[in-house]
Every structure is written in structure tokens, then in C-alpha cells.
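Inside the fold
Each chain, written out:
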Amino acid sequence: MKLISTARLAPIPVLALCLVAGCSSIAGSANPAKYDEMTCVELNNALGSTASEISQTAISRGKVANTSVPRWLLGGSRVKTAVADRETARIDRLKQQQDAIVAARARKCPRSTG
């Protein structure tokens with residue numbers, strides 16, 4: 001009896017899960033010094049954009065984490081975990097970026113008293 005090698009099938013789920021997760025983690029880290037040059041309005045917009053990216057990435061991570069991987073697909077659960085970990089790392093980077101924006105905004109923008 002001849003065994004069918006499934007080693008050649010492993011790249012297929014890797015590519016599929018990477019496409020599902022998107023190329024969102026490719027973006028580089030932001031330079032905190034550039035926030036000192038931004039106006040308060042620009043800082044507020046950047047903060048909103050960062051919060052939106054965090055939400056979108058968390059949704060993507062949740063979809064990947066809830067993906068059902070068939071047992072016969074060798075390495076599928078490892079790929080799923082790797083993609084979810086990559087999304088978690090991206091969320092962490094975005095939170096650091098958000099913290100830098102908040103700090104710059106606190107230094108630069110006066111608080112309005114309502």
C-alpha cells in the first residue's frame with residue numbers, strides 16, 4: 001500500500017490563513033517624534049485611526065481564532081495560532097502607538113473645560 005504524502009499540502013492552508021488575516025502586520029512602527037510636530041486636530045485624527053485599526057485587527061484575530069481547522073489538515077492549527085499571535089503582536093504595537101499619541105496630545109493640547 002502506498003501512502004500519500006500530505007507534506008506537499010501544508011503550504012495551502014498557510015497561504016489561505018494568511019490571505020484571510022490579510023497583510024495588516026506589514027506596516028512599520030510609528031516614530032513618536034513625529035507626533036510632536038502634529039496639531040491637536042491631527043493628533044485627535046491619528047488617535048481615532050489607531051483605535052479603529054485596533055478594533056479591525058481584533059475582529060480579524062477573532063475570526064482566525066474561531067476558524068475550524070479540519071483534523072486531517074496537518075499543521076493547520078499551528079498556522080491558525082501563528083496568525084492569531086501575529087495579530088496580537090500588531091494590536092500591541094498599535095497600543096504603543098496610541099499611547100505615544102495620547103502622551104503627545106497631553107503635552108501639546110490644552111484640556112478644554114466644559
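This one's a predicted model, so the numbers in the text were calculated from it and none came from an experiment. (Residues numbered from 1 in each chain as written. Predicted model: local features only at pLDDT ≥ 70, side-chain atom pairs only at ≥ 80, totals over all residues. Heavy atoms only, no water.)

**A short note on the overall build of the protein**
What counts, and what does not: Strands here are runs of E lasting at least two residues and helices are runs of H or I lasting at least four, both read from the DSSP assignment and numbered beginning at the N terminus. For the exposure calls, accessible area comes from a 1.4 Å probe over protein chains only, and a residue counts as buried if that area is under 20% of its type's maximum, exposed if over 50%, partly exposed in between. Should any heavy atoms of two residues lie within 4.5 Å, those residues are counted as being in contact. To be clear on the numbers: accessible area is Shrake-Rupley with a 1.4 Å probe, and residue cover counts the displayed protein chains and nothing else.
A count of helical and extended segments in the protein gives 4 helices and 0 strands. Counting helices and strands in the order they occur from the N terminus, the protein gives α-α-α-α. Counting across all 114 residues of the protein, residues that qualify as buried make up 22%. The long-range fraction of contacts in the protein, counting pairs at least 24 apart against all pairs at least 6 apart in sequence, stands at 86%. For the protein, the exposed area adds up to about 8200 Å²; of that, 59% sits on carbon and sulfur atoms.

**Focus on the nonpolar core**
Filter applied, for reference: Take the buried Ala, Val, Leu, Ile, Met, Phe, Trp, Tyr and Cys residues and link them wherever side-chain atoms come within 4.5 Å; each set so joined is a nonpolar core.
Core analysis: the largest hydrophobic core is formed by 8 residues, namely Tyr-35, Met-38, Leu-43, Ala-46, Leu-47, Ile-101, Ala-104 and Cys-109. When contributions to this core are tallied by element, the ones reaching two or more residues are helix 3 (40–65) and helix 4 (76–108). Every residue in contact with Ala-46, bar those within four places of it in the chain, is listed here: Met-38 and Ile-101.

Read these as spatial facts, not as claims about activity.
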